[in-house]
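Listed below, chain by chain, are the residues.
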Amino acid sequence: MNTHLPPRFRAPALFAFVAAVALAIGGAVHGWKTVPDVLPVPIVVIVALYLWGGRDSDAGALIRHHLDERQAEARLKVQALVGRVLSLAVAAAYIVASTSKTTWWPWAALLGVGMGTFLIGWLMYGEHRWRKPTQHQ
Amino acid sequence: MREHRNQQGMTQADLAVAVGVSRQTVISIESGRYLPSLRLAFRIARQFGVPLEQLFEPTNEEIQE
């Protein structure tokens, strides 16, 4: 789908698709009368993504998925920050849930996903990736 | 880098297109806020036809980062 769309339309189209699915699920579960109440939110986001995506800025490049090395480095740092904050939030939620004796296992599962992803990431991008085959002299 | 760009009569946007980065990145490099990768640094040096060390002379602090 993405390859046929101009870069500026990709993020709005992806968000429109996700929003349509979410609205369909929400409408089916909570009733279709609730859909018009929340519909303005995705419309505003889609228009904002389209307008921002056309700007000659770092945010525009991010929305168009057309990043150079500096912008990609910035995105990587932001993603790392998001990962750290989410990990801490999940750990805190797990502690609160287990001490208050409420349902704790979803938080434990999310912590497990985080740790598993770290291990997979280390295997994919860790030191062995940079190690050259042993050279015999 | 700005001097070399001006000597060649290029705008920041021209240089950005020539070396395949955004205009904002050219601005960041020229203002010293971003130290480019070796790959990009070589592309810029070749664009101007000068040795790398003539374009980039990072401070000790930048190297230690």
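Residues numbered from 1 in each chain as written. Chains lettered and ligands numbered in written order. Predicted model: local features only at pLDDT ≥ 70, side-chain atom pairs only at ≥ 80, totals over all residues.

## Let's talk about the overall build of chain A
- Helix and strand counts for chain A stand at 6 helices and 0 strands.
- Start at the N end of chain A and walk to the C end: the helices and strands fall as α-α-α-α-α-α.
- Radius of gyration (C-alpha) of chain A: 21 Å, far over the 14 Å computed for a compact globule of 137 residues.
- Seen through its C-alpha atoms, chain A measures out along the principal axes to roughly 75 × 50 × 25 Å.
- Burial statistics for chain A: of 137 residues in total, 8% are counted as buried.
- A sequence separation of at least 24 residues applies to 37% of the contacts in chain A between residues at least 6 apart. (Helix = DSSP H or I, 4+ residues; strand = E, 2+ residues; numbered from the N terminus. Rg over C-alpha atoms; globule rule 2.2 N^0.38 Å. Buried ≥ 20, exposed ≤ 12 C-beta atoms within 10 Å, placed from the backbone. Contact = placed C-beta atoms within 7 Å.)

## Overview of the interface of chain A and chain B
- Taken together, the contact pairs 8 residues of chain A with 9 residues of chain B.
- Those elements that place two or more of their residues in the side of chain A that touches chain B are helix 4 (58-63) and helix 5 (69-99) of chain A.
- Looking at the side of chain A that touches chain B, the element that brings in the most residues is helix 5 of chain A, giving 3 residues.
- A per-class count over the side of chain A that touches chain B returns 1 nonpolar, 2 polar and 5 charged. (Nonpolar A, V, L, I, M, F, W, Y, C, P; charged D, E, K, R; others polar.)

## Digging into the domain arrangement of chain A
- Entries for chain A in the domain assignment read domain 1 (2-63) and domain 2 (69-129).
- Here the C-alpha centre of domain 2 of chain A lies 26 Å away from the C-alpha centre of domain 1 of chain A. (Domains from an automatic or database assignment.)

## Things to note about the nonpolar core
- Ranked by size, the top nonpolar core spans 6 residues in total: Leu15(B), Val19(B), Val21(B), Val26(B), Ile29(B) and Ile44(B).
- Among the elements of the structure, helix 2 (12-19) and helix 3 (23-30) of chain B are those that each provide at least two residues to this core.
- Not counting residues up to four positions away in its chain, the partners in contact with Val21(B) are Asp68(A), Glu69(A), Ala16(B), Val26(B) and Leu40(B). (Core = buried A, V, L, I, M, F, W, Y, C linked by C-beta atoms within 7 Å.)

## Structural notes on the packing of helix 5 of chain A against helix 6 (residues 105-125) of chain A
All names here are of chain A.
- Relative orientation of the contacting elements helix 5 and helix 6 amounts to 150°, with a least axis distance of 9 Å. Between helix 5 and helix 6, the angle falls in the class roughly antiparallel. Crossing geometry of helix 5 relative to helix 6 is assigned as left-handed. On helix 6, the residues touching Ser-87, Val-90, Ala-91, Ala-93, Tyr-94 and Ala-97 of helix 5 are Trp-107, Ala-108, Leu-110, Leu-111 and Gly-114. (Axes fitted to C-alpha atoms, helices over the stretch in contact; angles between N-to-C directions. Parallel < 35°, antiparallel > 145°, perpendicular 65-115°, else oblique. Left-handed = near helix turned anticlockwise from the far one by under 90°.)

## Digging into the environment of Pro106(A)
Residues and elements named next belong to chain A.
- Tracing the backbone through its elements, the reader meets Pro-106 in helix 6.
- The exposure class of Pro-106 is exposed, given the 12 C-beta atoms found within 10 Å.
- For Pro-106 and Val-90, which are 16 residues apart along the polypeptide, the C-alpha to C-alpha distance reads 9.5 Å.

## Let's talk about unusual backbone geometry
All names here are of chain A.
- In this model, His-65 sits at a positive phi of 55°, which is unusual for a non-glycine residue.
- Within the fold, His-65 resides in the loop between helix 4 and helix 5.
- One non-glycine residue, Lys-101, adopts positive backbone phi at about 55°.
- Examined against the element boundaries, Lys-101 turns out to sit in the loop between helix 5 and helix 6.

## Digging into the confidence of the model for chain B
All names here are of chain B.
- This prediction gives chain B a mean pLDDT of 90; 95% of its residues lie at or above 70.
- Predicted confidence in chain B is weakest over helix 6 (residues 60-64), with a mean pLDDT of 72, and strongest over helix 2, with 96.
- Scoring of the predicted complex yields 0.77 for pTM and 0.83 for ipTM. (pLDDT = per-residue confidence, 0-100.)

## Notes on the environment of Ala48(A)
All names here are of chain A.
- Mapped onto the fold, Ala-48 is located in helix 3 (residues 40-53).
- Since 13 C-beta atoms lie within 10 Å of it, Ala-48 is described here as partly exposed.
- With 35 residues separating them along the chain, Ala-48 and Ala-13 place their C-alpha atoms 12 Å apart.

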